[in-house]
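# Architecture and fold: a report
Residues per chain, in single letters:
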Amino acid sequence: MKHLSKLWLLGFLIFESCVIFQATKVPANNLKTALETNSTKTPKIVFLGDSITHGRVSYDYVGSIAKHPSLADSQVINEGINSRLTVQILEQLENLKKLNPDYVFLLIGTNDLKATLTKEEYDRYAGLWKLKEPVTEESFTNNLTKIIQTIQKETKAKIIIFSPPVLGEDPTSIPFQRSKRFAELTKQISTKEKTNYKPLHETLSQGLDEAKLSSRKPYVQSTWGMYLTILKYYSTTSSWDDLGDSNGYYYLTDGIHLNARGGKILEGMALEEILPNKK
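Definitions and limits used
Residues numbered from 1 in each chain as written. Predicted model: local features only at pLDDT ≥ 70, side-chain atom pairs only at ≥ 80, totals over all residues. Heavy atoms only, no water. Helix = DSSP H or I, 4+ residues; strand = E, 2+ residues; numbered from the N terminus. Rg over C-alpha atoms; globule rule 2.2 N^0.38 Å. Buried < 20%, exposed > 50% of the residue type's maximum accessible area, 1.4 Å probe, protein only. Contact = heavy atoms within 4.5 Å. Areas by Shrake-Rupley, 256 points an atom, 1.4 Å probe, with all protein chains shown as cover. Phe/Tyr/Trp six-rings, centres within 6.5 Å; stacked < 30°, edge-to-face > 60°. Axes fitted to C-alpha atoms, helices over the stretch in contact; angles between N-to-C directions. Parallel < 35°, antiparallel > 145°, perpendicular 65-115°, else oblique. Nonpolar A, V, L, I, M, F, W, Y, C, P; charged D, E, K, R; others polar. Left-handed = near helix turned anticlockwise from the far one by under 90°.

### A short note on the overall build of the protein chain
Of regular secondary structure, the protein chain possesses 14 helices and 5 strands. A compact globule built from 279 residues would reach a C-alpha radius of gyration of about 19 Å, and the protein chain, at 19 Å, matches this within 12%. In terms of its C-alpha atoms, the protein chain occupies a principal-axis envelope of roughly 65 × 45 × 40 Å. Relative to its 279 residues, the protein chain shows a buried fraction of 50%. For the protein chain, restricting intrachain contacts to residue pairs at least 6 apart in sequence, the fraction spanning at least 24 positions comes to 77%. Total accessible area on the protein chain stands at roughly 13600 Å², and carbon and sulfur atoms take up 55% of it.

Shown next, in the form of structure tokens:
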């Protein structure tokens, strides 16, 4: 019996490792790869962001855009990585300048705002990224402004900024209110820097109101709950929508990430900017 328990544990650990690999592997079409391949495809379209752009633990909107028939001759680049804050986007700007893309879509802020919620949330990011400074509204504002100004000055790219999505779906909860505040900051910065702004948070919030849901579930910090949702996606036939529904969310999977219902709204906003100019 003890031997069987050890075998079961070993099998589970191997399975879990495979799931983690699937959930965290770097997009094949990232910035570094784009520079190495030196593709002649145009336009060059870069999506900068965190796990929502990465698309391994939520609906892969960048992957879906890359498959659009009208973009067959375009180079679509996914520079999204799980758990990134604005400070990690700053670290990607040298490669972005070298590529000199035609479009840059930026979706960032969810992890910045989560890091302001509690010491536990901040400590996770501090440990992961070796952060030396606290994450605040001011640091978010400064970093986002610097990102935009650098792209404007040193590339030819048209910049499109998304507001971060809702965090949880209960508008009375602190996490939701923090996500709303960071969306407001994003809009203010985008307006000041004269970039194209896409109201993702506002659209999702309005959609939740119009859906007239019987209950609105808040975000509650649960790393295990997030991992369990990811585990179910890669080990069952459940879709992101199925998992969101089972967790009590309409647009989200686990209180943070977008299911297909929410991700397709984001995808549509991006395509609005690309397709009208596609010859």
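### Thoughts on the packing of aromatic side chains
The description of two aromatic rings rests on the distance between their centres and on the angle between their planes. As enumerated under the stated definition, the model contains 8 aromatic pairs in all. With 5.8 Å between their ring centres and 85° between their planes, Phe47 and Tyr61 make a pair best called edge-to-face. Of the two residues, Phe47 is situated in strand 1 (residues 44-49) and Tyr61 in helix 4 (residues 61-66); the sequence distance between them amounts to 14 residues. In terms of burial, Phe47 and Tyr61 fall into one category: buried. Note on Tyr250 and Tyr251: the rings are 4.8 Å apart at their centroids and 65° apart in plane angle, and the pair reads as edge-to-face. The exposure class assigned to Tyr251 is buried, which follows from its relative accessible area of 7%. One aromatic cluster is present, formed by Phe47, Tyr61, Tyr103, Phe105 and Phe162 through successive ring pairs.

### Considering unusual backbone geometry
Here the amide bond leading from Thr42 into Pro43 is cis, since omega sits at -5°, within 30 degrees of zero. Its place among the elements puts Pro43 in the loop between helix 2 (31-37) and strand 1. With a phi angle near 50°, Asn100 is a residue other than glycine that sits in the positive phi range. Within the secondary structure, Asn100 sits in the loop between helix 6 (93-99) and strand 3 (103-107). Positive phi outside glycine occurs at Lys194, with the angle close to 60°.

### A few points about the packing of helix 10 (residues 174-192) against helix 11 (residues 200-211)
Two numbers describe how helix 10 lies on helix 11: the axes approach to 10 Å, and their chain directions differ by 140°. It follows that helix 10 is oblique to helix 11 by the angle criterion. Of helix 11, the residues touching helix 10 (which contributes Phe176, Ser179, Lys180, Ala183 and Lys187) are His201, Glu202, Ser205 and Leu208. For the contact of helix 10 with helix 11, the class distribution of residues is 3 nonpolar, 3 polar and 3 charged.

### As for the packing of helix 11 against helix 14 (residues 260-274)
Orientation of helix 11 relative to helix 14, taken along the N-to-C sense of each, is 140°, at an axis distance of 11 Å. The angle between helix 11 and helix 14 places the two elements in the oblique class. Once helix 11 is placed against helix 14, the crossing between them reads as right-handed. Residues Leu200, Thr203 and Leu204 of helix 11 form the contact with helix 14, whose participating residues are Gly262, Ile265, Leu266 and Met269.

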